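Summary of structural features
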Amino acid sequence: EELLEKIHAWMIDVYMVRKHNGIKDVPLRLWNERIQKFWPEQVENVDKVLPLFGRIEHRTLRRDGIRWKHLFFTSPELMALLTNSEFRKASTNARGDVVVRFRYDPSNIDHIHVYLPHCRGQDTMHLKVRVEKRSQEYCRGLSVWAHDAILKMAREKVDKAVDQAALDRGQPPRSAETAAATTGS
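Residues numbered from 1 in each chain as written. Predicted model: local features only at pLDDT ≥ 70, side-chain atom pairs only at ≥ 80, totals over all residues. Heavy atoms only, no water.

Digging into helix α7 (residues 144–161)
Here α7 is 18 residues long and its end C-alpha atoms lie 26 Å apart, about the 26 Å a rise of 1.5 Å per residue gives. Within α7 the residues assigned to the buried category are V144, A146, H147 and L151. Summarising the axial view, the buried residues of α7 lie within an arc of 165 degrees, below the 170-degree limit, and thus occupy one face. Turned more than 90 degrees away from the buried face of α7, the exposed residues are W145, M153, K157, D159 and K160. Close packing links the buried residues of α7 with β2 (65–68), β3 (71–73), β4 (99–105), β5 (108–115) and α6 (136–139). (Helix = DSSP H or I, 4+ residues; strand = E, 2+ residues; numbered from the N terminus. Expected span 1.5 Å × (residues − 1). Buried < 20%, exposed > 50% of the residue type's maximum accessible area, 1.4 Å probe, protein only. Arc of directions from axis to C-beta. Contact = heavy atoms within 4.5 Å.)

Examining helix α2 (residues 27–37)
The set of residues buried in α2 consists of P27, L30 and I35. All buried residues of α2 project into a common sector of 125 degrees when viewed along the axis, lining one side. Facing away from the buried side of α2, by more than 90 degrees, are the exposed residues Q36 and K37.

Some points on the pairing of strand β1 (residues 55–62)
For β1 and β4, the ladder comprises six bridges, and the chain directions are antiparallel. Across the sheet, the residue bridging to R59 is V100, located in β4. (Pairing = 2+ DSSP bridges.)

A short note on the sheet that holds β3
Strand order in the open sheet formed by six strands is β3-β2-β1-β4-β5-β6, with antiparallel pairing between adjacent strands. Whereas interior strands pair on both sides, the edge strands pair on one side only; in this sheet they are β3 and β6 (126–130). Between one strand axis and the next, the sheet turns through 40 degrees on average, direction left out of account. (Axes fitted to C-alpha atoms, helices over the stretch in contact; angles between N-to-C directions.)

Here we look at the packing of aromatic side chains
Using the criterion set out here, one finds four aromatic pairs in the structure. Arranged with centres 4.4 Å apart and planes meeting at 50 degrees, the rings of W68 and Y104 form a pair that is tilted. Here Y104 lies in strand β4 and W68 lies in strand β2, a separation of 36 residues in the sequence. Judged by its relative accessible area of 0%, W68 falls in the buried class. On the accessibility criterion, Y104 (6% relative accessible area) is buried. Here the guanidinium or amino end of R101 rests over the ring plane of Y115, the centre of that ring lying 4.3 Å away. (Phe/Tyr/Trp six-rings, centres within 6.5 Å; stacked < 30°, edge-to-face > 60°. Lys NZ or Arg CZ within 6 Å of the ring centre and 35° of its normal.)

As structure tokens, then:
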């Protein structure tokens, strides 16, 4: 941490104010000059930009929505895409499945942004789709990492409940109630 502070201080206090042989100029002066010429445009509506960021996944769009990481994402607008011929033509693979591309924010998985290939170049190229109602409270603010950890714990719990020794012997596992019922006790 101390090393990073010293490197940061050197970059700001020394490197940026000395002449750089590669650019034949002082980096800070060049930065200030260029930022005046090429000032980035401000985003008017952040909601229009958010779908362009995040991680990308592909899934089949089914009659009940999109299943991803044991969660279902659905909306009336999403389901209407199944009957949209332009969307189907742009999204159907060789097997006849409607495959959608979507982006998600790894820090919050309560919604995804489905790409609409038939709307390319239009103002709205993504459809925001929330997780199904029964999972909304669970997913609100939940990260992918936390969700994956919860899924892993659930799988481990199920794995512990399996009587592998009985299965290996070719016998079905028996509960106490089953054993009592078969012996007549």
